[in-house]
Every structure is written in C-alpha cells, then in structure tokens.
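# Inside the fold
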Amino acid sequence: MTRPTGRSAIAEAARAVVKVGSSSLTSKGHLDPQRLDAVVDAIAARAALGRQVVLVSSGAIAAGLGPLGLRTRPRDLATQQAAASVGQLLLAERYAASFARYGLRVGQVLLTADDLHRRGHYTNANRTLQRLLSLGVIPIVNENDTVATHEIRFGDNDRLAALVAHLVEASALVLLTDVDGLYTGQPGRPGSEFIPEVASLESLVGVDVSRAGSHVGSGGMTSKVDAAAIATSEGIPVLLAAATRIGDALAGVGGTYFHPSGDRTASRLFWLRHATTPRGRLVLDAGAVAAIVQRRMSLLPAGVTAVSGEFWSGEPVDLVGPDGVAVARGLVGYDAADLPPLLGQRTSDLPAEYRRELVHRDDLVLL
Ligand code: GLU
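All of the points below concern the structure found in this document. Starting from 1, residues in each chain are numbered consecutively following that chain's sequence as written. Only residues with pLDDT of at least 70 get local features here, since the model is predicted, and only at 80 or more are side-chain atom pairs given and counted; chain-wide, interface and lining totals rely on the full set of residues. Only hydrogens and water are removed before side-chain values are computed, so all heavy atoms of the structure are retained for them.

What follows deals with the overall build of the protein chain. Numbered from the N terminus, helices here are DSSP runs of H or I no shorter than four residues, and strands are runs of E no shorter than two. In terms of helices and strands, the protein chain carries 12 helices and 17 strands. For 367 residues, the compact-globule estimate of 2.2 N^0.38 gives 21 Å, and the protein chain sits close to it at 22 Å. Principal-axis analysis of the C-alpha atoms gives the protein chain an extent of 70 × 45 × 40 Å. Classification of residues uses two cut-offs on accessible area relative to the type maximum, computed with a 1.4 Å probe and protein chains only: under 20% is buried, over 50% is exposed, and between them is partly exposed. Sorting the 367 residues of the protein chain into buried and exposed places 49% on the buried side. Here the protein chain has roughly 16600 Å² of accessible surface; of this, 52% comes from carbon and sulfur atoms. Our radius of gyration is a C-alpha quantity, and the globule rule it is checked against amounts to 2.2 Å times the number of residues to the power 0.38. To be clear on the numbers: accessible area is Shrake-Rupley with a 1.4 Å probe, and residue cover counts the displayed protein chains and nothing else.

Below you can see the structure in the form of structure tokens.
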C-alpha cells in the first residue's frame with residue numbers, strides 16, 4: 001500500500017501526535033475547561049474512526065495558578081515548576097473527565113528530553129506508549145516539569161512533541177497554536193504573508209520566524225519550526241494550525257503544511273541526533289572531516305587534533321571541523337582521559353589495545 005502524501009497524510013494517518021499548547025487551553029492565563037473540551041471533542045471524533053492519537057498537552061502551569069492563588073504566571077522557574085506540579089493533576093483529571101464523555105480512557109505520560117536520550121528510558125517510554133495505544137487508551141504526554149525545564153523555557157512542548165512523534169512512529173504531527181499558521185513576519189502586520197506550505201526548510205531562509213507568530217506561548221514560532229524540522233527530517237509530515245480550528249486541522253485543512261523531507265532513521269541514531277547533549281568535542285582535521293562526511297568512515301585517532309570535555313567511553317560527543325563547526329555527533333569509544341596521547345597517531349603505531357576506532361561509523365550521525 002502506498003502512503004498518502006500531502007495534506008491527506010494528515011487526515012489519514014493511522015497514528016498521529018497532536019500537540020496543544022498552553023495558550024490554546026487557557027483564557028486570561030487560566031485553564032479554560034471549554035477550550036479543553038473542544039480539543040477533546042475533535043480527538044474523540046478521530047478516535048471514533050479507529051485512528052490512534054497521542055496527545056501532547058501543556059497547560060499544567062496554567063492549571064496550577066488558580067489553586068495556588070496566583071493571578072498571573074510566575075516569573076521564576078521554581079514557582080512555575082510548583083504550579084506545574086499542582087496543575088498537572090488537575091489537567092489530567094480534566095482530560096480524564098472530558099474524554100470519559102466519549103467512553104475513552106486516558107493515560108498520563110510525563111517525559112523529559114533527557115529520558116529520550118537515555119537508551120533504556122527511550123525503550124521503556126516506547127513500550128509504555130505502544131501498550132497504551134494497543135489497549136485503546138489515549139496517552140497524554142507532558143514534560144515532567146519537576147525535573148526538566150526545557151519546554152517551560154523554550155518550547156511549550158513543541159520539541160517534545162516532535163521527539164514523541166518519532167518515538168511512537170507516528171505518521172503525522174499536528175502542532176496546534178493560537179495563530180492559524182506560519183507567516184513571513186508578525187501576523188497582522190502589513191506585508192506579512194501567510195505561508196500555506198513549506199516544501200523544504202531551506203525555503204524559509206529570510207523568514208524571521210522569531211517574530212512570526214504567537215506571543216502567548218513560551219515557544220513562539222521558532223520552537224514550532226524547530227519541531228517541524230525534527231519531524232519532517234524523519235519523514236513525518238507536520239501541520240501547524242490554530243487550535244480553534246482543530247477539526248479542520250485533523251482533516252489536513254488550513255494551517256501551514258510542512259512536507260516530509262527525510263526518511264526515518266533508526267531510533268538510536270535519532271536520539272543521538274536530536275535528544276542527546278554532547279559531553280565533549282573532538283576537533284578533526286580537514287581530511288578526517290572529509291572521511292566522515294563524504295566517505296562515511298569511522299573516526300580514527302590520526303584525524304583528531306584536540307579534545308575537550310569530560311566523558312566516558314560510550315557517551316555522546318560532537319565532532320567539529322578545524323573551523324569549530326560541528327559536523328557529526330557520535331558515541332565515543334574511549335574515556336576523555338585516555339585520548340590525549342593517542343591524538344594524531346596512526347592506528348598501526350598504537351599499542352594493540354588502542355587499535356580501534358575512536359567513533360565507529362555505526363555510532364555516528366551527520367549534523
Ligand atoms: N509543561 C509545561 C506546562 O504544561 C510547559 C508549558 C508552559 O511553559 O506553559 O504547563
């Protein structure tokens with residue numbers, strides 16, 4: 001069977017990740033049950049067609065404000081995290097009650113990008129989500145704000161949604177927000193034009209995405225375009241649309257459609273590229289850069305001129321060219337402390353226990 005392409009891929013995806021941000025669930029900064037119900041109505045309608053949905057929802061901080069007597073969103077991270085802790089329970093309860101109107105059950109999955117970078121956690125999260133889906137449960141994912149703050153600060157779950165889309169092998173990602181899609185500038189400003197389709201991210205050169213969009217959510221358009229870049233590079237089509245038009249969006253109508261540009265990579269290479277934080281850097285000479293980028297070879301000690309950072313064998317490091325620009329990320333085969341005497345040496349000149357790759361080609365992704 002051939003896969004549907006274009007916007008119909010959104011409508012027909014057997015498994016979709018739908019991300020809804022805080023601004024789409026709130027009125028005057030507080031959780032608005034009616035807006036939440038409207039999201040649930042549309043997802044329940046999709047589920048009734050036998051299509052699976054993983055919902056990635058923010059809104060925990062907003063839901064915690066009222067109970068804590070806070071009128072507005074706190075500025076400091078600790079109070080935001082406390083509000084998320086109080087609010088997450090209420091958010092989950094509201095979703096459970098709202099989906100129950102349709103006889104649907106929900107399961108809460110709190111994740112961090114870090115979880116997706118530890119191999120064991122990645123596999124466990126994958127297994128839990130697959131099992132929830134096979135049991136007919138709608139998983140509701142949020143960042144675990146108690147221990148991670150990336151999405152509070154930068155993304156409002158945009159990046160998390162893209163990582164989850166890969167994790168569950170979704171065939172569509174729908175990012176819902178408070179604007180109707182991507183514009184060439186600030187929506188409403190003269191000269192700012194709506195972008196209905198993004199064929200490739202290179203075509204966005206010149207579009208100032210930092211201003212092009214929502215001012216309510218913490219992510220803005222930059223984190224949405226970043227999330228779209230992660231998902232489309234893995235072969236997952238993305239629709240960015242207004243939460244108020246969720247019904248249309250799930251049918252692939254309206255919004256900005258991002259065409260998939262790549263193929264799914266193996267999950268371990270995916271987490272290496274998108275979910276890991278490098279522990280150090282290896283500086284390569286020009287010959288080693290060419291060997292890795294053009295000839296897809298393993299990295300040998302001979303091509304490395306410098307090393308920085310503290311890492312153990314098996315941890316992620318960035319491979320940078322002589323100009324300092326990262327060209328690849330890989331799992332290093334040595335502890336940082338073992339490396340200095342090996343650098344620049346030909347493998348045949350090294351003692352037998354050091355005659356192996358510094359980074360094996362199977363443990364390497366180009367950036
Ligand atoms: N995970 C947080 C939440 O659910 C982050 C979103 C935000 O920054 O508002 O509230």
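Additional details are given in the paragraphs that follow.
For the rest of this paragraph, the subject is the nonpolar core. We define a nonpolar core as any set of buried Ala, Val, Leu, Ile, Met, Phe, Trp, Tyr and Cys residues linked to one another through side-chain atoms lying within 4.5 Å. Counting 47 residues, the largest nonpolar core has Val17, Val141, Val164, Leu173, Leu182, Leu204 and Phe258 as the members making the most contacts within it. With seven residues, helix H8 (residues 158-167) is the single largest residue contributor to this core. When sequence neighbours within four positions are dropped, the list of residues in contact with Leu173 reads Ile10, Val17, Ala161, Ala162, Ala165, Ala231, Ile236, Pro237, Val238 and Leu239. Among the nonpolar cores identified, the runner-up in size contains 39 residues, and Val18, Ala44, Phe99 and Ala243 belong to it. The contact criterion used is simple: two residues touch if any of their non-hydrogen atoms lie within 4.5 Å.

The next point concerns the pattern of salt bridges. For side chains bearing opposite charge, pairing can occur when the charged atoms are close. Each salt bridge in this description consists of a side-chain nitrogen of Lys or Arg and a carboxyl oxygen of Asp or Glu lying within 4 Å of one another. Applying the stated criterion across every chain, the model contains eight salt bridges. A salt bridge links Arg101 to Asp41; the shortest N-O distance between them is 2.8 Å. Linking Arg101 in the loop between helix H4 (77-100) and strand S5 (106-111) with Asp41 in helix H2 (residues 33-47), this pair joins segments that are 60 residues apart in sequence. Its relative accessible area of 29% is what places Asp41 among the partly exposed residues. Lys224 serves as the salt-bridge partner of Asp158, at 3.1 Å between the closest nitrogen and oxygen.

Glancing now at the site of the ligand. Nearness is judged by heavy atoms alone; a residue qualifies as near a molecule or strand once a single heavy atom is within 4 Å of it. Ile61, Arg73, Asn142, Asp145 and Asp156 are the nearest of the 13 residues found near the ligand. Whenever two N or O atoms come within 3.5 Å, that pair is a polar contact, provided that in protein one can donate a hydrogen and the other can accept it, and provided that, for residues adjacent in sequence, both atoms are side-chain atoms. Here an oxygen atom of the ligand sits 2.9 Å away from a polar atom, N or O, in the side chain of Ser22. Here an oxygen atom of the ligand sits 2.9 Å away from a polar atom, N or O, in the main chain of Ile61. Each residue is assigned to one of three groups, with Ala, Val, Leu, Ile, Met, Phe, Trp, Tyr, Cys and Pro labelled nonpolar, Asp, Glu, Lys and Arg labelled charged, and all others, Gly among them, labelled polar. Taken together, the residues of the shell around the ligand break down into three nonpolar, six polar and four charged.

This paragraph deals with the packing of aromatic side chains. Given two aromatic rings, their pairing is described by the distance between the two centres and the angle made by the two planes. Here is the rule: rings of Phe, Tyr and Trp (six-membered ring for Trp) pair when centre to centre is within 6.5 Å. Planes less than 30 degrees apart are stacked, more than 60 are edge-to-face, and the remainder are tilted. All chains considered together, the criterion is met by three aromatic pairs. Between the aromatic rings of Tyr183 and Phe194, the centroid separation amounts to 5.2 Å while the plane-to-plane angle is 70°, which identifies the pairing as edge-to-face. Here the residue Tyr183 occupies a position in strand S8 (residues 182-183), and Phe194 occupies one in strand S9 (residues 194-195), the gap between them amounting to 11 residues. Overall, Phe194 belongs to the partly exposed group, its relative accessible area being 33%. Only when the NZ atom of a Lys or the CZ atom of an Arg is both within 6 Å of the ring centre and within 35 degrees of the ring normal do we say a charge sits over the ring. Its end group placed over the ring of Tyr334, Arg356 keeps NZ or CZ at 4.0 Å from the ring centre.

Right, let's talk about the side chain of Thr26 for a bit. Here Thr26 shows up in strand S2 (residues 26-27). Polar side-chain contacts of Thr26 include one of 2.9 Å to the backbone oxygen of Ser22. Thr26 has contacts with Leu31, Asp32, Arg35 and Ala62, leaving out every residue within four places of it along the chain.

The next thing to look at is the sheet that holds S5. A pair of strands is labelled paired if DSSP reports no fewer than 2 bridges between them. Read from one edge to the other, the open sheet built from eight strands follows the order S5-S6-S4-S1-S7-S11-S12-S10, with strand pairing classed as mixed. Both edges of this open sheet fall to S5 and strand S10 (197-198), since each of them pairs with a single strand only.

The geometry of a pair of packed helices is captured by two quantities: the angle between their axes and the separation between those axes. Axes here refer to lines fitted to C-alpha atoms; in helices the fit is confined to the stretch in contact. Angles between the N-to-C directions go from 0 to 180 degrees. Their axes nearest at 10 Å, the elements H2 and H4 cross at an angle of 50°. If you check the angle between H2 and H4, you find them oblique. At the point where H2 passes H4, the crossing takes the right-handed sense. Each of Pro33, Leu36, Asp37, Val40, Ile43 and Ala44 in H2 lies in contact with H4, whose residues at this interface are Leu91, Arg94, Tyr95, Ser98 and Phe99. Residue composition of the contact of H2 with H4, by class: eight nonpolar, one polar and two charged. When an angle is under 35 degrees it counts as roughly parallel; over 145 it counts as roughly antiparallel; between 65 and 115 it counts as roughly perpendicular; any other value is oblique. Here is the rule for handedness: rotate from the far helix to the near one, and if that takes an anticlockwise turn smaller than a right angle the crossing is left-handed, while a clockwise turn gives right-handed.

Looking now at the pairing of strand S15 (residues 316-320). Along S15, five of the five residues are buried, which leaves the element largely enclosed by surrounding structure. Pairing of strand S13 (residues 280-284) with S15 involves three bridges; the strand directions are parallel. Residue Val283 lies in a different strand from S15, and its bridge partner there is Val320. Pairing between S15 and strand S16 (residues 326-332): five bridges, direction antiparallel. Bridging across to S16, Pro316 finds its partner in Leu331. Linking S15 to S16, which pair antiparallel, is a turn of five residues; within it Gly324 sits at a positive phi near 85°.

Located in the positive-phi region is Asn157, a residue other than glycine, with phi close to 80°. Within the element layout of this structure, Asn157 appears in the loop between helix H7 (150-155) and H8. The exposure class assigned to Asn157 is buried, which follows from its relative accessible area of 2%.

This part covers the sheet that holds S16. Across the sheet, which stays open at both edges, the five strands sit in the order S14-S13-S15-S16-S17 with mixed pairing between neighbours. Single-partner strands in this sheet number two, and they are strand S14 (304-309) and strand S17 (359-366). Between one strand axis and the next, the sheet turns by 30° as a mean value, whatever way the strands run. Sheet topology places S16 next to S17; four bridges connect them, and they run antiparallel. Each residue of the ladder has a partner; that of Arg329, found in S17, is Val365.

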